[in-house]
Amino acid sequence: MKNRYLASLLLLAATTQLTATAESFSMKTSLPTGSSLKINLDRGLNVTFKWGNGITHSEISTGMPIIAEVVDESLTVTTDGNITQLYVNDNALDELTVSSLTKLLVLDCNDNRLGNLNLSRQTALKTLWCARNALTTLDLSKLPDLEKLNASNNGLTELLLGTASLTDLWIEGNALDGNLDLSKQEKLCSIAADHNELTKIDLCNSSTAQKALKYFYANDNALFYNSLPTVFDKSKQEVLITNVVAPQRPYFYNYGLLTNIQHDLSDLIRYNGWGVAITPALTLTDTETGAVLEQDKDFTKVGSYKFTFLTEHRYVTATVESPMYPDMALSTTAFAILDDLTGLQQVTTDDKDLPTPAYDLQGRSINNVASYKGIYIKDGKKNVRP
């Protein structure tokens, strides 16, 4: 009797442990019936596949990809232990639900068709690969330990980060606009935010952050120098950070400035994203006439950054160059300099006579496209004039 009681307790304990650690996740795939679906997860787990039509099979994970023949669009995978690593990339997945995988550390769902990814319960996650899907929003605000994120080439318009632990951030090829706040990210080694619609990147400028950053890619946005780290040591003539920062689309600075009032342009041209002085050379051009505005005739200047404009111009662009960023010039969108700015925004938006600016591959404004030879960018497209 005593031995039978002890055996019952041991069986109960084993059953309780199995129930406590068993986990499952589900997915829907667009792969055709008969094709192969690949899944890789922790070694040594007993893995059960249950398809939507009721067909099941089981096998032990070896650390190598498990290849299953697709027999239905829906699949639920159950294991007898915690899943900490899950690789389901390149499976034409339309849906992936991993909400019960609370011990997950690594998730790779690259190269699928996912339009949604809920990771609100994956608070232990450290690495997330979700590139080349169809995501438009990605909420990672509840992932305090996330270190590596690759969400490139989706359709992201919104990205919420909840971590200060990131070491690698790859979000290129999306539709992110406005401001990207990385001001608390001291550990970033690589940033790839190119080919978006960003107008500002707030970088952490601590000495720790500056030492950590080794790679910075932010070309094909609408950024200005106040979003860029120091990538070049002009005194030693050496590259400090591997980077691609040009070309940039024109940066929106303002709709218009009033004449006979002092304007401080230091926020635009004085410092880079780490607060380092960039010693700029500023050129103001009337895009209707092609004339460069002249000091004491069109404006007066106090110091290097405070301007008072004396003459009116409907469309002016500012082009700024700095020896800290050789072979690159950044330009603004056209803005007005007028005695009266009443109704300016509506006029600027609707006026069909506004010239469309063109830029070379270093981001420098081209005043006369007709006489230019080579590759240039206009309306966001590359053009070639022989």
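Because the structure is predicted, anything quoted here is derived from the model rather than measured. (Residues numbered from 1 in each chain as written. Predicted model: local features only at pLDDT ≥ 70, side-chain atom pairs only at ≥ 80, totals over all residues. Heavy atoms only, no water.)

Some thoughts on the overall build of the protein
A tally of helices and strands in the protein yields 4 helices and 33 strands. The contacts of the protein with a sequence gap of at least 6 include a subset with a gap of at least 24, amounting to 46%. For the protein, the exposed area adds up to about 19400 Å²; of that, 50% sits on carbon and sulfur atoms. (Helix = DSSP H or I, 4+ residues; strand = E, 2+ residues; numbered from the N terminus. Contact = heavy atoms within 4.5 Å. Areas by Shrake-Rupley, 256 points an atom, 1.4 Å probe, with all protein chains shown as cover.)

Digging into the environment of Asp327
Counting through the fold element by element, Asp327 comes out in the loop between strand S27 (313-321) and strand S28 (329-331). In this structure Asp327 comes out as exposed when scored by relative accessible area, which is 61%. For the pair Asp327 and Ala246, spaced 81 residues apart in sequence, the C-alpha separation works out to 9.0 Å. (Buried < 20%, exposed > 50% of the residue type's maximum accessible area, 1.4 Å probe, protein only.)

Remarks on the packing of aromatic side chains
Going through the model one piece at a time under the given rule, you end up with 9 aromatic pairs. Consider the rings of Trp129 and Trp170, whose centres lie 5.5 Å apart with planes at 10°: the pair is stacked. On the criterion of sequence distance, the pair formed by Trp129 in strand S10 (residues 127-129) and Trp170 in strand S14 (residues 168-170) is long-range, its members being 41 residues apart. With relative accessibility at 26%, the residue Trp170 sits in the partly exposed group. With centroids separated by 5.7 Å and ring planes inclined at 75°, the aromatic side chains of Phe224 and Tyr225 adopt a geometry described as edge-to-face. Comparing Phe224 with Tyr225 shows no difference in burial state: the two are buried. What links up through ring pairs into an aromatic cluster is the set Phe224, Tyr225, Tyr251 and Tyr325. (Phe/Tyr/Trp six-rings, centres within 6.5 Å; stacked < 30°, edge-to-face > 60°.)

Focus on the side chain of Thr127
Position of Thr127 relative to the elements: it lies in strand S10. The residues touching Thr127, leaving out its near neighbours within four places in the chain, are Leu105, Val106, Leu107, Leu146 and Lys148.

Details of the sheet that holds strand S16 (residues 190-192)
Pairing is mixed in the open sheet, where 10 strands are placed in the order S5-S2-S7-S9-S10-S12-S14-S16-S18-S21. Strands at the two margins of the open sheet, each flanked by one partner only, are strand S5 (66-69) and strand S21 (242-244). This sheet shows a mean twist of 10° between the axes of neighbouring strands, independent of strand direction. When strand S12 (residues 148-150) meets S14, the two strands line up parallel, connected through 3 bridges. If you follow Asn150 over to S14, its bridge partner there is Trp170. (Pairing = 2+ DSSP bridges. Axes fitted to C-alpha atoms, helices over the stretch in contact; angles between N-to-C directions.)

Here we look at the pairing of strand S1 (residues 23-29)
Side chains of S1 alternate between two faces, with Glu23, Phe25, Met27 and Thr29 buried and Ser24, Ser26 and Lys28 left unburied. One ladder, built from 6 bridges, connects S1 with strand S6 (residues 74-79); its direction is antiparallel. Residue pairing in the sheet places Met27 in a bridge with Leu75 of S6. Relative to strand S8 (residues 93-97), S1 runs antiparallel, the two being bridged by 4 bridges. Looking across to S8, one finds that Ser26 is bridged to Thr97.

Let's talk about unusual backbone geometry
The omega angle of the peptide bond from Ala246 to Pro247 is 5°, so this bond is cis rather than trans. Of note in this structure, Arg132 is not a glycine but carries a positive phi near 55°. For Arg132, a relative accessible area of 36% corresponds to the partly exposed category.

What to know about the sheet that holds strand S3 (residues 46-51)
Pairing is antiparallel across the open sheet formed by 5 strands, whose spatial order is S4-S3-S6-S1-S8. In this open sheet, the two edge strands, each paired with only one partner strand, are strand S4 (56-60) and S8. Neighbour to neighbour, the strand axes of the sheet diverge by 20° on average, direction disregarded. For S3 and S4, the ladder comprises 5 bridges, and the chain directions are antiparallel. Within S4, the residue paired with Val47 across the bridge is Glu59.

Some remarks on the state of the cysteines
Counted under the stated rule, the structure contains 0 disulfides. Cys109 provides the cysteine sulfur closest to Cys130, a residue in no disulfide bond, and the two sulfurs are 5.4 Å apart. (Disulfide = S-S within 2.5 Å.)

Comments concerning the pattern of salt bridges
Applying the stated criterion across every chain, the model contains 7 salt bridges. With its nearest N and O atoms 2.7 Å apart, the salt bridge here joins Lys148 to Asp168. Placement of the pair is Lys148 in strand S12 and Asp168 in strand S14, with a sequence separation of 20 residues. Lys148 sits in the partly exposed class, given a relative accessible area of 30%. A relative accessible area of 9% means that Asp168 is categorised as buried. (Salt bridge = Lys/Arg side-chain N within 4 Å of Asp/Glu carboxyl O.)

A closer look at the side chain of Asp298
In this fold, Asp298 is placed in the loop between strand S24 (281-286) and strand S25 (299-302). Despite being buried, Asp298 has no salt bridge partner; Lys297 is the closest side chain of opposite charge, sitting 5.1 Å away. (Lys, Arg positive; Asp, Glu negative; His and termini not counted.)

Regarding the environment of Asp42
Counting through the fold element by element, Asp42 comes out in the loop between strand S2 (36-41) and S3. Look at Asp42 and you get buried, because its relative accessible area is 14%. For Asp42 and Thr79, which are 37 residues apart along the polypeptide, the C-alpha to C-alpha distance reads 9.9 Å. Contact partners of Asp42, with chain neighbours within four places excluded, come to Ser61, Asn82, Ile83, Thr84 and Gln85. In terms of polar contacts, Asp42 uses its side chain to reach the backbone amide nitrogen of Gln85, at 3.0 Å. (Polar contact = N/O pair within 3.5 Å; in protein donor to acceptor, adjacent residues only side chain to side chain.)

Remember, this is a structural readout, not a statement about activity or role.
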